[in-house]
Amino acid sequence: MKEWYDAIKEAQNVEKLEEIRISVFGKKGVLAQEFAKMKSAPNEQKAQIAKDLNTHKSALMNELTAKKITLQTLELQVAMKAESIDVSLFSSKSQAGALHPVMETMDKIVEYFSAMNFSVKTGNMVEDDFNNFEALNLPKYHPARDMQDTFYFKDEMLLRTHTSPVQIRTMMHTKPPIRMIAPGAVFRRDYDLTHTPMFHQVEGLLVDEEGKVSFANLKYILEDFLKYMFGDIEVRFRPSFFPFTEPSAEVDISCVFCKGDGCRVCSKTGWLEVLGCGIVDPNVFEAVKYKNVSGYAFGLGVERFAMLIHQIGDLRSLFEGDIKLLEQFQ
Ligand code: PHE
């Protein structure tokens, strides 16, 4: 038996130790053989032989276990030394991530209005007819409700076509005054160079006592905002129509490409349309049961802003996840 104690002592690695274990404790191992031999020994010696064998059995097992722990610890130390990494080394290529141009533009818009004390509200992308249309003075059979424009679900539910329902929901459960913007994704059945089925809007709403909110207030803040976004540009307001505002206007900026001289992008007009706005229609206040108030509202497409700021030609490229395009905005 002594040779097995020596073998355990001399084993250099866990594999060798395992071989020894099988040779000693295996089915056909040394111990099994010794116990087998015991059967043919004289009866009066059997008890002593069995006792000796059992002593060896537990002693050898203890040796094996202890040695195994020693070897494993050693092997771990060797492995840790070999695999150590120098965390202070520079990697050959690391690339910083960046915000998507749409999100970056959205953040900048939100930043402006937050600084002007507008609170930021978000709502549901799946909306009902009342909040998306009815309360916004878009009665049934209004052309803007055309199936071409809106994604409908069952039971008069739909994907919001603008973030105006967030304003309605806010007014329904908040007393005036209100000073809010609603940024978020909106959905329309459109797909071409300048339209995608999903895009982002930021809409704004300000409500205060009757007579306190004027078109001049609206004009001032939008001009200031557009100069913050586009720098040194001219701003003009053109009369327009929206069901939820009266009077309404569309807002143009002087073309950021040709500085107003007239080019392909502005169709030789020198102007680019960037915003819709107006004084909130009394029918909207009636729908949310507001009395003796006045207010203004505006809405814009974030992708359009991002395209003009970064001079991107095709709106769809913003949603293709093309790494080559995105890398340009790092
Ligand atoms: N809700 C309008 C849209 O989706 C934008 C808008 C908001 C226009 C408020 C005027 C006033 O196009």
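Residues numbered from 1 in each chain as written. Predicted model: local features only at pLDDT ≥ 70, side-chain atom pairs only at ≥ 80, totals over all residues. Heavy atoms only, no water.

(A) Local environment of the site of the ligand. Around the ligand lies a shell of 13 residues, among which His162, Ser164, Arg188, Gln201 and Glu203 are the nearest. Within the side chain of Arg188, an N or O atom sits 2.8 Å from an oxygen atom of the ligand. Interatomic distance of 2.9 Å between a side-chain N/O atom of Gln201 and an oxygen atom of the ligand. Elements with a minimum of two residues in the shell around the ligand: strand S5 (198-209), strand S8 (271-280) and strand S9 (293-301). (Near = heavy atom within 4 Å. Polar contact = N/O pair within 3.5 Å; in protein donor to acceptor, adjacent residues only side chain to side chain. Helix = DSSP H or I, 4+ residues; strand = E, 2+ residues; numbered from the N terminus.)

(B) Molecular detail of the pairing of S5. Within S5, 9 of the 12 residues are buried, leaving the element largely enclosed by the surrounding structure. Here 10 bridges tie strand S4 (residues 178-187) to S5, and the two strands are oriented antiparallel to one another. Across the sheet, Ala185 pairs through a bridge with His200, a residue of S5. In this sheet, S9 lies alongside S5 in antiparallel orientation, the contact comprising 9 bridges. Each residue of the ladder has a partner; that of Asp208, found in S9, is Ser294. (Buried < 20%, exposed > 50% of the residue type's maximum accessible area, 1.4 Å probe, protein only. Pairing = 2+ DSSP bridges.)

(C) Region of the structure containing the packing of helix H8 (residues 215-230) against helix H10 (residues 302-310). In the contact formed by H8 and H10, the axes pass within 10 Å of each other and the chain directions differ by 50 degrees. In terms of orientation, H8 and H10 fall into the oblique class. Mapping the contact onto sequence places Phe225, Leu226, Met229 and Phe230 in H8 and Phe305, Leu308 and Ile309 in H10. Residue composition of the contact of H8 with H10, by class: 7 nonpolar, no polar and no charged. (Axes fitted to C-alpha atoms, helices over the stretch in contact; angles between N-to-C directions. Parallel < 35°, antiparallel > 145°, perpendicular 65-115°, else oblique. Contact = heavy atoms within 4.5 Å. Nonpolar A, V, L, I, M, F, W, Y, C, P; charged D, E, K, R; others polar.)

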